Amino acid sequence: MKCIVIGITDHPLPWFPPEVMEIIKEGRVFSGGRRHHSLVAPLLPQGARWIDITVPLDAVFQAYQAASTETITIFASGDPLFFGFANTIRRKMPEAAIVVYPAFNSLQTLAHRLLMPYHDMRIVSLTGRPWPEFDRALIECAPKIGVLTDREHTPAAIARRMTDYGYTSYNIYVGEQLGNPAQEKVTALTLDEASRRDFAMPNCVILIENGADRQRPFGIPDSRFALLDGREKMITKMPIRLLTLQALDLPQRSVFWDIGFCTGSVSIEARLQFPHLQVCSFEIRPECEAIIRENSRRFGAPGIDVHIGDFLQTDLSGLPRPDAVFIGGHGGRLKEMMDKVLTVLAADGVIVFNSVTSPKVPVDSRQLWDEACKALGLLQETPERIQLNDYNPIEILRCKRQPSYK
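Worth saying up front: this structure is predicted, and the values here are computed from it rather than measured. (Residues numbered from 1 in each chain as written. Predicted model: local features only at pLDDT ≥ 70, side-chain atom pairs only at ≥ 80, totals over all residues. Heavy atoms only, no water.)

A. Quick peek at the sheet that holds strand S6 (residues 122-125). The five strands are arranged S6-S7-S10-S8-S9 in an open sheet whose pairing can be described as mixed. Of all strands in the sheet, those bounded by a partner on one side alone are S6 and strand S9 (185-190). Pairs of neighbouring strands in the sheet enclose a mean axial angle of 20°, with direction left out of account. For strand S8 (residues 170-176) and strand S10 (residues 203-209), the ladder comprises seven bridges, and the chain directions are antiparallel. Looking at S10, one finds that Tyr-170 is bridged to Glu-209. Contacts between helix H5 (residues 106-113) and the sheet are confined to S6, strand S7 (144-148), S8, S9 and S10, with S10 contributing the most and set at about 55° to the helix. (Pairing = 2+ DSSP bridges. Helix = DSSP H or I, 4+ residues; strand = E, 2+ residues; numbered from the N terminus. Axes fitted to C-alpha atoms, helices over the stretch in contact; angles between N-to-C directions. Contact = heavy atoms within 4.5 Å.)

Below, the structure written as structure tokens:
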């Protein structure tokens, strides 16, 4: 099967070079979105067949397979290899021969309208995608971010999310209906202005830092967190947090679970230092949900997936499989929690737990850990022992599956 994918803009009178016009003239089977069909219909030869690209895409590719004896000429917006339909063809039909004739994509066009160099622009697509890559760009303080939008992730929604999490040191440029001379509009706005406006579709966004300096701390002071009932002892102290993250080996991990998050300090520190991570946080106390959300906004840590309720009763089936787990609270049920974690933990995953040595603690948490590891057949690693000021000593404990596990 051969697919010729032609990039197209929103200009009502599309122009193509002679080579592409010859392809259209000789074609028999064409495809694209309905908007594309309305633009190119006058150029199609008489008797041409058109296959609409609509969801679900399985039906579209079934139609392509049925027409596999023909060359299929496909129209796609902008550059078909830039988050575009040519990539979908390669994934769905890896055996197909593909030829691409690109046009400028929307972010290139917006940069051109602004006379803005774009070789250093961080690109994020929110078209049919969730927020994580956009959140990562913010946390990493990318100075120039190009964003492809959709009807949910609008320029206004983007501006509100940035404002909610304190990323206000950006100006926003919005390009609407680019390529259509009668309707095209390019606007420079503050985030506050953009958050209160509606924008015509299709549109895209470029965000530029305006010179304000946002600090990304390495180790957040304990005093800056909103606390549970104002109790400082309910937070994992900053040096312990950083050692715990080190024990979890987070630069090499992809999904981190924080069980018993309380104030959310470990989850937030992990999110800020390792923004590539998916972070899922669990806590039994319902009052802690407001606390972690307040702290997430205070420190600019969007994207933490919060779950409230008894971890042992929580349905884990729809959650990403963790390869790093920290158990910050166990309520005397450490073995049961670890056993449940093992049902989803990646083969090379690790579990970390901080044990406090104190004569006031009725149950020795190190003993619970040792008993659980032995009963579950887990391999313990050499613990790290630390004492801060007048606080009780803490052991940072880590375990993983036996090497024979597959």
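B. Highlighting unusual backbone geometry. Residues Val-55 and Pro-56 are joined by a peptide bond in cis, for which omega reads 0°. In this model, Met-201 is joined to Pro-202 through a cis peptide bond whose omega is -5°. Tracing the backbone through its elements, the reader meets Pro-202 in the loop between helix H8 (191-195) and S10. Positive phi, close to 50°, is recorded for Phe-83, a residue that is not glycine.

C. Up close: H5. Among the residues making up H5, those that are buried are Leu-107, Gln-108, Thr-109, Leu-110 and Ala-111. In this structure, the buried side of H5 is in contact with S6, S7, S8, S9 and S10. Two to three positions downstream of the cap, the backbone nitrogen of Leu-107 sits 3.0 Å from a side-chain oxygen, assigning the N-cap of H5 to Asn-105. One or two steps after H5, the chain reaches Leu-115, where phi turns positive at roughly 50°. (Buried < 20%, exposed > 50% of the residue type's maximum accessible area, 1.4 Å probe, protein only. Polar contact = N/O pair within 3.5 Å; in protein donor to acceptor, adjacent residues only side chain to side chain.)

D. Main features of the pattern of salt bridges. Within the structure shown, the criterion is met by 22 salt bridges. Its salt-bridge partner being Arg-241, residue Asp-222 comes within 3.1 Å of it at the nearest N-O pair. Taken together, the residues Asp-222 in the loop between S10 and helix H9 (238-248) and Arg-241 in helix H9 connect sequence positions 19 residues apart. Asp-348 is the salt-bridge partner of Arg-253, the closest N and O atoms lying 4.0 Å from each other. (Salt bridge = Lys/Arg side-chain N within 4 Å of Asp/Glu carboxyl O.)

E. Seen up close, helix H10 (residues 265-273). With nine of nine residues buried, H10 lies mostly within the body of the structure. Among all positions in H10, only Ser-265, Val-266, Ser-267, Ile-268, Glu-269, Ala-270, Arg-271, Leu-272 and Gln-273 are buried. The elements touched by buried residues of H10 are helix H6 (132-139), H9, strand S11 (255-259), strand S12 (278-283), helix H11 (287-299) and strand S14 (324-327).

F. Spatial organisation of the pairing of S10. Across the seven residues of S10, six count as buried, placing the element largely inside the fold. The sheet contact formed by S7 and S10 spans five bridges and is antiparallel. Note that in S10 the partner of Leu-148 across the bridge is Cys-204.

G. Layout of the nonpolar core. Ranked by internal contacts, the top residues of the largest apolar core, which has 56 residues, are Phe-134, Ile-145, Met-162, Leu-207, Leu-248, Leu-250 and Phe-256. Ignoring sequence-local partners within four residues, the contact set of Phe-256 consists of Leu-248, Leu-250, Val-266, Ser-267, Ala-270, Leu-277, Gln-278, Val-279, Cys-280, Ala-324, Val-325 and Phe-326. Grouped together as the second largest cluster of nonpolar side chains are 26 residues, Leu-319, Leu-345, Trp-369 and Leu-376 included. (Core = buried A, V, L, I, M, F, W, Y, C linked by side-chain atoms within 4.5 Å.)

H. Just the sheet that holds strand S5 (residues 97-101), in detail. Spatially, five strands are ordered S3-S2-S4-S1-S5 in an open sheet, and the strand pairing comes out parallel. What marks the edges here is a single partner per strand, and that holds for strand S3 (49-52) and S5. Adjacent strand axes in the sheet meet at a mean angle of 25° when their direction is disregarded. By the bridge criterion, seven bridges tie strand S1 (residues 2-8) to strand S4 (residues 71-77) in an arrangement that is parallel. Residue pairing across strands places Gly-7 opposite Ala-76, the latter belonging to S4. Each of S1, S4 and S5 touches helix H4 (residues 85-92); the most contacted strand, S5, lies at about 175° to it.

I. Geometry of the environment of Val-356. Relative to the elements of secondary structure, Val-356 occurs in strand S15 (residues 350-356). Since its relative accessible area comes to 36%, Val-356 is described here as partly exposed. A C-alpha to C-alpha distance of 9.1 Å links Val-356 and Ile-396, two positions 40 residues apart in sequence. Those residues in contact with Val-356, other than ones at most four positions away along the chain, are Ser-365, Asn-392, Pro-393 and Ile-394.

J. Quick peek at the environment of Met-238. Relative to the elements of secondary structure, Met-238 occurs in helix H9. Taking the C-alpha atoms as reference points, Met-238 and Glu-269, separated by 31 residues in sequence, lie 9.1 Å from one another. Those residues within four positions of Met-238 in sequence are excluded, and the remaining contacts are Gly-219, Ile-220 and Asp-222.

K. Region of the structure containing the packing of helix H3 (residues 57-66) against H4. Contact geometry for H3 and H4: axes closest at 12 Å, N-to-C directions at 70°. By the angle between their directions, the pair H3 and H4 is classed as roughly perpendicular. Where H3 abuts H4, its residues Leu-57, Asp-58, Phe-61 and Tyr-64 lie against Phe-85, Thr-88, Ile-89 and Lys-92. Of the residues in the contact of H3 with H4, the class split is five nonpolar, one polar and two charged. (Parallel < 35°, antiparallel > 145°, perpendicular 65-115°, else oblique. Nonpolar A, V, L, I, M, F, W, Y, C, P; charged D, E, K, R; others polar.)

L. Structural detail: the packing of aromatic side chains. Taken as a whole and judged by the stated rule, the model has 12 aromatic pairs. Ring geometry for Phe-16 and Phe-75: centres 6.1 Å apart, planes at 50°, overall tilted. Of the two residues, Phe-16 is situated in the loop between S1 and helix H1 (18-26) and Phe-75 in strand S4; the sequence distance between them amounts to 59 residues. You can call Phe-75 buried: its relative accessible area is 1%. An angle of 15° between the planes, with centres 6.2 Å apart, marks the rings of Trp-50 and Phe-75 as stacked. With Trp-50 in strand S3 and Phe-75 in strand S4, this residue pair connects regions lying 25 residues apart in the sequence. The exposure class assigned to Trp-50 is buried, which follows from its relative accessible area of 17%. Through successive ring pairs, a cluster of aromatic residues spans Phe-16, Phe-30, Trp-50 and Phe-75. Across the ring face of Phe-311, the terminal group of Lys-340 is positioned such that the distance to the ring centre comes to 5.6 Å. (Phe/Tyr/Trp six-rings, centres within 6.5 Å; stacked < 30°, edge-to-face > 60°. Lys NZ or Arg CZ within 6 Å of the ring centre and 35° of its normal.)

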